[in-house]
Amino acid sequence: MTNAIKIQIIAIIILCAGIIWQIYPLPEFNLFHNFAPEHIFIAAALAIYIFSEKRDCFKIFNLYLSLISSVMAIIYIYKGHNMINWLVICSVFCTALLLSIQELLISATPKRLVKIPKVIFYTINLLIIIWLYADRIFLTTTKIHISLGQLIYMPQVSKEFFNALSFRDTSIFRFIFDLLMLTLVPLVFAIKRKPKILNNTVHMLKTGLIVLLCLIINLIHFNYFCTGLSLAEYISIRITTASLPLPPHPALSESSSIKALLNQPFKIDIEKCYSQPQIQLTKESLPKKIVYIIIESIKRDYFKQYMPRTATYCKRGLEFGNHHSVSNGTLSAMHSIFNGSFPINVLLQPPEKLGLVLPDFLKNFGYKSYLITPNFNMPTSSSWNKHIKVGELSEAHSLTNAVLSATESLLNSDEKQIICSYLYNTHFNYFYPKNEEKYLPTIDEKTNLFLMHFTQENLIGLRNRYINALLHADKALSNFFNKLENQKIFNDCLFVFVTDHGESLGEAGFIAHVTGPHVAQYKIMAYAFGRGIKPEHIASATTHADLLPVIGNKIGLKLGNKSADTGYPIIQLDESVLGRVIVRHENYMSLFDTNSERLKWLGTITNDYEIRGWIAELYSGNLQKLEAVIATDANFIRNKIGYN
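Residues numbered from 1 in each chain as written. Predicted model: local features only at pLDDT ≥ 70, side-chain atom pairs only at ≥ 80, totals over all residues. Heavy atoms only, no water.

Enquirer: What am I meant to see in unusual backbone geometry here?
Expert: One can expect most non-glycine residues to show negative phi and most peptide bonds to be in trans. The amide bond that connects Leu-440 to the next residue, Pro-441, takes the cis arrangement and shows omega of 0 degrees. Looking at where Pro-441 falls in the secondary structure, it is placed in the loop between strand S7 (417-423) and helix H20 (456-486). Phi is positive for Ser-297, which is not a glycine, with a value near 50 degrees. If you trace the backbone, Ser-297 turns up in the loop between strand S3 (289-295) and helix H15 (300-306). For Ser-297, a relative accessible area of 0% corresponds to the buried category. (Helix = DSSP H or I, 4+ residues; strand = E, 2+ residues; numbered from the N terminus. Buried < 20%, exposed > 50% of the residue type's maximum accessible area, 1.4 Å probe, protein only.)

Enquirer: Can you help me understand the nonpolar core in this one?
Expert: Soluble globular proteins tend to bury their nonpolar side chains together. Phe-495 and Phe-497 are the most contacted members of the largest nonpolar core, which has 51 residues in total. Top element by residues in this core is H20. It accounts for 12 residues. With near-sequence residues (within four places) excluded, Phe-495 lies in contact with Val-291, Ile-293, Phe-480, Phe-481, Leu-484, Phe-490, Tyr-527, Ala-528 and Phe-529. With 41 residues, the next largest nonpolar core counts Val-357, Leu-362, Leu-393 and Phe-431 among its residues. (Core = buried A, V, L, I, M, F, W, Y, C linked by side-chain atoms within 4.5 Å. Contact = heavy atoms within 4.5 Å.)

Enquirer: Help me understand the packing of aromatic side chains in this model?
Expert: The description of two aromatic rings rests on the distance between their centres and on the angle between their planes. Counting across every chain of the model gives 23 aromatic pairs. On the basis of an interplanar angle of 90 degrees and a centroid distance of 4.8 Å, the ring pair of Phe-510 and Tyr-609 is categorised as edge-to-face. With Phe-510 in the loop between strand S9 (504-505) and strand S10 (511-512) and Tyr-609 in the loop between strand S18 (598-605) and helix H22 (613-618), this pair connects stretches of sequence that are 99 residues apart. Taking the relative accessible area as the measure of exposure, Phe-510 reaches 0% and is therefore buried. Of the aromatic side chains, those joined through ring pairs into one cluster are Tyr-313, Phe-480, Phe-481, Phe-490, Phe-495 and Phe-529. Positioned above the aromatic ring of Tyr-522 is the side chain of Arg-584, whose terminal nitrogen or guanidinium carbon lies 4.9 Å from the ring centre. (Phe/Tyr/Trp six-rings, centres within 6.5 Å; stacked < 30°, edge-to-face > 60°. Lys NZ or Arg CZ within 6 Å of the ring centre and 35° of its normal.)

Enquirer: When you look at empty space enclosed by the protein in this model, what are you seeing that I'm missing?
Expert: To find leftover empty space, a probe the size of one water molecule is rolled over the atoms. Per the stated rule, a full pass over the model turns up two cavities of 30 Å³ or more. A volume near 50 Å³ is recorded for the largest cavity. In terms of lining, the largest cavity is formed by Ile-290, Tyr-292, Leu-358, Leu-494, Leu-548, Ile-551, Gly-552, Ile-555 and Leu-557. For the lining of the largest cavity, the elements supplying multiple residues, two or more each, are S3 and helix H21 (544-555). Here the lining of the largest cavity takes four residues from H21, the largest share from any one element. (1 Å grid on protein atoms, 1.4 Å probe; cavity = no way out; pocket = protein on both sides within 12 Å on 5 of 7 lines; lining within 4 Å. Points joined across faces, edges and corners; volume = space filled by probe spheres on them.)

Enquirer: When you look at the pattern of salt bridges in this model, what are you seeing that I'm missing?
Expert: When the charged atoms of two side chains lie near each other, side chains of opposite charge can form a pair. Per the counting criterion, the structure on display carries 14 salt bridges. Arg-309 is the salt-bridge partner of Asp-474, the closest N and O atoms lying 3.7 Å from each other. Residue Asp-474 is found in helix H20, and its partner Arg-309 is found in helix H16 (residues 308-314); the two are separated by 165 residues along the sequence. On the basis of relative accessibility, which here comes to 3%, the residue Asp-474 falls in the buried class. One salt bridge connects Lys-475 with Glu-436, and the closest N-O pair in it is separated by 3.7 Å. On the criterion of sequence distance, the pair formed by Lys-475 in helix H20 and Glu-436 in the loop between S7 and H20 is long-range, its members being 39 residues apart. (Salt bridge = Lys/Arg side-chain N within 4 Å of Asp/Glu carboxyl O.)

Spelled out as structure tokens, the structure:
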């Protein structure tokens, strides 16, 4: 086993423990204010491998590691029964098992080819270390692990991502320093001393079998670990660990009726999610100009408080008073707005499913369609006649005015139009001209939110920055509407003013969006006002899927195969974890995993991401009420997006 691989395995184990540390924080020590736990453990690992120059016992370190873990498992069974300890031990077992397989493969490889598996394993270990460290940082501020959901979005925000990494603040320096420490130190050891490959295949097989046996024993002991853990505590950890597979709690396993509900056969019916609305024209004339203004990341209560001038225009027409996004990500939300579709991750669907029904339909009646966005990785579709791009990310503080100015120019023409204007300045890091800053203190504009220390001071600065961005958007929008009224253009226009999704500003430990199922990332505003719309308030719960049928009916468009389905419960997509679906009720939500043609119940919690009150009571007693909730919500998902 090479020293490089030894160090990497230790790093993997410690970083796994670091992730668990964030879920179940240990007492703070002054030492950790300046150094992360992995710094100290890596230093210890370096010391161990210095001693390994003189002590042959370290050559079979993985065997000792598995035996020590076995002893730890036995001790924990009789002391504490803590599932966090179980998770830590499992991570040790898994890495030790991988190490044994790695050594077995290398030892069985002809010497002339031995460099190939070494390079492969070193690369894999390197990527795992970087992934685990980034995950630990991400979990610190978002309370959720990085998943494939975030990776799928990465190409859409790659420019922003690399721009964030270029910031020269303390946090990013520490982040890069940590990664260099974790990845370059093993390389130094590998160069310093020639690799020693263990060629004793029998020894490697014995080691692998011992580690595998320990892992099996530990899995069998899971029920013992859960004995002292309440079902409510288990559910909290199960949801937070996101994609980490946890065996069911004994209380769930013992109930045959609930056990059958936890993991049901299920397949998404794409036709239900993407059923193409059959639009019919019921009036001779439609509004000449239909303008969708989609503004990033607006919280409903913040809009009413900090965008009053825009709100005065919105109140002239139709208000969706209890509106929710179908997703906490932009692309799926925008697709639903123009199609009346149910939530499903559009990035996973073939291009032929992603056309936009409303612009395509209006083209048949002489409408020209335009999408106006900032000039970087923004959502688009072939359904638009023209995609107009303005500005750059470096000009984010002025992009809202630029998009609205381009919209005004289009509206001055005599043609019939449907326009989608996408406003960006309220997206994190929340941009506005410095001279319009009103609420202080704020965090720096270049702060990387996902590396930001989660202190009360930073949260106040984050919220103030967000409010200042709303004030700037309010000023720009009110000036835009005033100009249109003065030019008599306003009366020809139907405006649909909506946000793609909400935003977390520290609620329950979440920030930004696409980071979790908290209601703050879904509770938004939506309005329609202008030509053909009378003042009206819809009080029942609605989502983006309801906008097209409701607004269409007001202006003379009837959807033959789709109608608004208002009221709770509503179905939503949590794009922070691939395949996660939410059934949202007025005061609670149930989370399900829809991957692998299975419908897996993850937990039922309050919309504020807590287990309290009557929700806590679900997890005690005979569990009949919990069984009823799971069955009802699972059937709701099946009826909405699954095969019946």
